[in-house]
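# Chain and residue survey
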Amino acid sequence: EAEVAQSPRYKITEKSQAVAFWCDPISGHATLYWYRQILGQGPELLVQFQDESVVDDSQLPKDRFSAERLKGVDSTLKIQPAELGDSAMYLCASSLGVGQETQYFGPGTRLLVL
Amino acid sequence: SQQGEEDPQALSIQEGENATMNCSYKTSINNLQWYRQNSGRGLVHLILIRSNEREKHSGRLRVTLDTSKKSSSLLITASRAADTASYFCATEGISSGSARQLTFGSGTQLTVLP
């Protein structure tokens, strides 16, 4: 069964450093989502792509976060510089796109900022 | 921001018992979905109910939706230890249009004791 891949699974970094997370969605899925999940809470959407275009990045802290999906397939989420409050699980999800309501999630990257 | 609120926040039951979780939301929706998350993992889609549906079944899962009360419930019958996980409701708001965005609740942590 096809799955969403994410790497790394775990990342420990010091504040002010740069970190990057990678996501490879299920083949053929046009829509890609990045979420942040703080421990004990539900996921919150950071950015949504339709193919290579950003559909919504209104919740992305653009002073330090950036996301790209250059060829409309895999995606990278970057934080620079990382802050203590960025410690969380970063989840990637994908869906077929128009008409597809179900999202398929990757295993996530757990980030700890020291 | 979290659209849905799950109740209870935590639930502990014995194997074989039924587990009921409730979700309330604030705005009009296209559909409501339930996802499951095992500790430290990504989310897995369980079931989707559309705004014009009142009840839906899938195996041991039964979901109800009351749009007049803006609430939903998830019933897991004959629970098993393997059902231990966090359960999240997620709503696709009418305002999201074709973007298919989900807003997640804060989750219910279910523990099934053997």
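Residues numbered from 1 in each chain as written. Chains lettered and ligands numbered in written order. Predicted model: local features only at pLDDT ≥ 70, side-chain atom pairs only at ≥ 80, totals over all residues. Heavy atoms only, no water.

### Overview of the overall build of chain A
Across its full length, chain A holds zero helices and eleven strands. Ordered by position from N to C terminus, the α and β elements of chain A give β-β-β-β-β-β-β-β-β-β-β. The C-alpha atoms of chain A give a radius of gyration of 13 Å, which matches the 13 Å a tight globule of 114 residues would have. Judged by the C-alpha coordinates and their principal axes, chain A covers about 40 × 25 × 25 Å. Expressed as a percentage of the 114 residues in chain A, the buried residues total 49%. (Helix = DSSP H or I, 4+ residues; strand = E, 2+ residues; numbered from the N terminus. Rg over C-alpha atoms; globule rule 2.2 N^0.38 Å. Buried < 20%, exposed > 50% of the residue type's maximum accessible area, 1.4 Å probe, protein only.)

### Digging into the nonpolar core
Residue and element names in this part refer to chain B. Ranked by internal contacts, the top residues of the largest apolar core, which has 21 residues, are Met21, Leu32, Trp34, Leu74, Ile76, Tyr87 and Leu110. Going through the elements one at a time, strand E2 (10–14), strand E3 (19–24), strand E4 (29–37), strand E5 (43–50), strand E7 (61–66), strand E8 (71–76), strand E9 (85–93) and strand E11 (108–113) are the ones with two or more residues in this core. Residues in contact with Leu74, not counting those within four places in the same chain, are Ala19, Thr20, Met21, Trp34, Leu46, Leu61, Arg62, Val63 and Tyr87. (Core = buried A, V, L, I, M, F, W, Y, C linked by side-chain atoms within 4.5 Å. Contact = heavy atoms within 4.5 Å.)

### Details of the state of the cysteines
All names here are of chain A. This structure, assessed with the given rule, holds two disulfides over all chains. In this model Cys23 forms its disulfide with Cys92; the gap between the sulfur atoms is 1.9 Å. Because the sign of the S-S torsion sets the handedness, a value of about -65° for the bond joining Cys23 and Cys92 places this disulfide among the left-handed ones. Residue Cys23 is located in strand E3 (residues 19–24), and its partner Cys92 is located in strand E9 (residues 88–95); the two are separated by 69 residues in the primary sequence. Accessibility assignment for this pair places Cys23 and Cys92 in one class, buried. (Disulfide = S-S within 2.5 Å.)

### Quick word on the pairing of strand E6 (residues 53–56) of chain A
Residues and elements named next belong to chain A. Where strand E5 (residues 44–50) meets E6, three bridges bridge the pair, whose relative direction is antiparallel. By the bridge assignment for E6, Gln48 is matched with Asp56. Linkage of E5 to E6, two consecutive antiparallel strands, is achieved through a turn of two residues, within which Asp51 is found at a positive phi near 55°. (Pairing = 2+ DSSP bridges.)

### Brief notes about the pattern of salt bridges
As enumerated under the stated definition, the model contains nine salt bridges over all chains in all. With a shortest N-O distance of 2.6 Å, Asp86 of chain A and Arg64 of chain A are connected by a salt bridge. A residue pair is termed long-range when its members are at least 10 positions apart, and Asp86 of chain A in the loop between strand E8 (75–79) and E9 and Arg64 of chain A in the loop between E6 and strand E7 (65–68) qualify at 22 residues. Asp86 of chain A sits in the buried class, given a relative accessible area of 2%. Judged by relative accessible area, which is 12%, Arg64 of chain A ranks as buried. Taking the shortest distance from any N to any O, the salt bridge between Arg50 of chain B and Glu101 of chain A comes out at 2.8 Å. One end of the pair, Arg50 of chain B, is in strand E5; the other, Glu101 of chain A, is in the loop between E9 and strand E10 (104–105), on a second chain. The exposure class of Arg50 of chain B is partly exposed, given its relative accessible area of 34%. (Salt bridge = Lys/Arg side-chain N within 4 Å of Asp/Glu carboxyl O.)

### Observations concerning the pairing of strand E11 (residues 109–113) of chain A
Residues and elements named next belong to chain A. Here E11 shows a clear split, with Thr109, Leu111 and Val113 buried on one side and none of Arg110 and Leu112 buried on the other. As paired elements, strand E2 (residues 10–13) and E11 share four bridges and run parallel to each other. Bridge pairing in E11 places Ile12 opposite Leu112. Where E9 meets E11, three bridges bridge the pair, whose relative direction is antiparallel. Counted as the bridge partner of Ala88 is Leu111 from E11.

### Points about the side chain of Arg36 of chain A
Residue and element names in this part refer to chain A. Along the chain, Arg36 turns up in strand E4 (residues 31–37). A relative accessible area of 19% places Arg36 in the buried class. Setting aside its immediate chain neighbours within four residues, Arg36 contacts Gly42, Pro43, Glu44, Leu46, Phe65, Asp86, Ala88, Met89 and Tyr90.

### Examining the environment of Lys78 of chain A
All names here are of chain A. Position of Lys78 relative to the elements: it lies in strand E8. Distance in space between the C-alpha atoms of Lys78 and Asp24 is 15 Å, their sequence separation being 54 residues. Non-local contacts of Lys78, meaning those with residues more than four positions away in its chain, are made with Val19, Ala20, Arg64, Phe65, Ser66 and Glu68.

### Brief notes about unusual backbone geometry
A cis amide bond links Gln80 of chain A to the next residue, Pro81 of chain A, at an omega of 0°. Looking at the secondary structure, you find Pro81 of chain A in the loop between E8 and E9. Cis peptide bonds are those with omega within 30 degrees of zero, and the linkage from Asp7 of chain B to Pro8 of chain B qualifies with 0°. The phi dihedral of Ser16 of chain A is positive, around 80°, even though this residue is not glycine. Position of Ser16 of chain A among the secondary structure elements: in the loop between E2 and E3.

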